[in-house]
Amino acid sequence: MWISRLSLRDFRSYPVLDLEFEPGVTTFVADNGTGKTNVVEAVGYLAHLRSHRVAFDAPLVRETTGTATVSALVNRGKRHAAVEVTIQSKGANRARVNRSPVRIREILGLVSAVVFAPEDLSLVRGEPAERRAWIDTLVVARNPRFASVIQDFDRALKQRNALLKRLREERDPGLEATLDIWNMAYADAASELVFGRQRVLADIVDPLKENFAYIAADARLERQGVSATYDSRIDYSQATSAAECRELLLAALERRRATEIDRGLTLHGPGRDDIALMIGSHPAKGYASHGETWSLALAMQLAGWDLLSADAGSSAEQPILVLDDVFAELDSGRRSRLASRITDAEQVLVTAAVDADLPAGLGGTRIDQARLLAAGAA
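Residues numbered from 1 in each chain as written. Predicted model: local features only at pLDDT ≥ 70, side-chain atom pairs only at ≥ 80, totals over all residues. Heavy atoms only, no water.

In the annotation of an unreviewed UniProt entry, the entry for the protein reads DNA replication and repair protein RecF, and the organism field reads Brevibacterium metallidurans. If you open the UniProt record of the protein and go to Subcellular location (unreviewed entry), you find "Cytoplasm". Per UniProt, the comment on the protein under Sequence similarities (unreviewed entry) is "Belongs to the RecF family." (UniProt positions renumbered as here; feature names shortened; annotations may be inferred.)

In structure tokens:
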């Protein structure tokens, strides 16, 4: 898969931007603040309907305007599609495919991309929510219907928490009966999400180990091993289906019913789970060096790209790989190994502030600061 044309209107710093690409590596070399990251952020937004930099859409819309547009011509072998998203600073976003309006979530899967950026250090150092977001992105990329599952889960969790808070204030039998109903709705969506996460994790463990060992090949032998396991208050290890996960979750909700009412909060479910990362025999969080943290975060994203590429079965369906200001933080050995690793992708988009940040011999097309500014001239 590759994008041959990208157009931005009132997106971030750009009143207008039109760029054309070829397959292979495209490198944006420009000063910080020029807007090169905005370009790759737009590609990631088409793939995931969210930014890798901010939690809300409003910052994506250029100041003094209320609407931004991101559109791309996407190529999958001999198939082509024009995909467009209109982002509202307030209100619901809209989407079009080949100029025809579609529901916004219907474009998920039409653009597939894996983005690695400095913010991804939080996958290792950050809170569990960062790792949950990482694996949920892969779950949805692998099967877009999970976007609706996550939406159902979020809705059920919100309603259930509101009900638990009311019950904390007033133990009304009618409200407790309503809790049983929301337990079912919550468990239905939550169990599907948990099982989807576990399937992704089971399939990504080997690529994660291989990528980390390759990127960190110059590390001590005992520091080249990495593992990732699903960490939950509920033992799902023997569950072989979403239905079995559901029964385990419902049993846990029943056991902690009184405690949850006293706390006014849901204490079990995928919103409380984590991905436990280990380097050697130690937890990565708190023990990993700066170089190891970068290597592990990069290995996680590359493993995701490997997983989605294996699912695709051909380069025509392979995700676009985005590396946003990544090489600057790696030593020369890791830079060279990463450069060799990314040549398998049909399209790679790389940003860097200066040439010195790039590994020697990284080929492909170069878009420098003057060209980027010219393409974005109103």
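Having seen the structure, we can now continue with the description.
In a structure, side chains of opposite charge can pair up when their charged atoms sit close to one another. For the structure on display, the rule yields 25 salt bridges. Across the pair Arg62 and Asp10 runs a salt bridge whose closest N-O atoms are separated by 2.9 Å. Separated by 52 residues along the polypeptide, Arg62 in the loop between helix H1 (36–48) and strand E4 (67–76) and Asp10 in strand E1 (residues 2–11) bring together distant segments of the chain. For Glu127, the salt bridge is made with Lys285, and the minimal N-O distance between the two is 3.6 Å. Residue Glu127 is located in the loop between helix H2 (122–125) and helix H3 (128–142), and its partner Lys285 is located in helix H8 (residues 284–287); the two are separated by 158 residues in the primary sequence. (Salt bridge = Lys/Arg side-chain N within 4 Å of Asp/Glu carboxyl O. Helix = DSSP H or I, 4+ residues; strand = E, 2+ residues; numbered from the N terminus.)

The subject of this paragraph is the environment of Asp152. Within the secondary structure, Asp152 is located in helix H4 (residues 146–169). A relative accessible area of 36% means that Asp152 is categorised as partly exposed. Between the C-alpha atoms of Asp152 and Ala185, which are 33 residues apart in sequence, the distance is 8.4 Å. Of note is the side chain of Asp152, whose polar atom sits 3.0 Å from the side chain of Arg155. (Buried < 20%, exposed > 50% of the residue type's maximum accessible area, 1.4 Å probe, protein only. Polar contact = N/O pair within 3.5 Å; in protein donor to acceptor, adjacent residues only side chain to side chain.)

Moving on, we come to the nonpolar core. Ranked by size, the top nonpolar core spans 113 residues in total, and within it Ile3, Leu6, Phe28, Ile87, Leu296, Leu323 and Leu338 carry the most contacts. With 13 residues, the single largest contributor to this core is helix H5 (residues 173–215). When near neighbours in sequence (up to four residues on either side) are disregarded, Leu323 contacts Phe116, Leu298, Leu338, Ile342, Leu349, Val350 and Thr351. Counting residues in each nonpolar core, the second largest holds 6 residues, with Leu163, Leu164, Leu167 and Ile261 among its members. (Core = buried A, V, L, I, M, F, W, Y, C linked by side-chain atoms within 4.5 Å. Contact = heavy atoms within 4.5 Å.)

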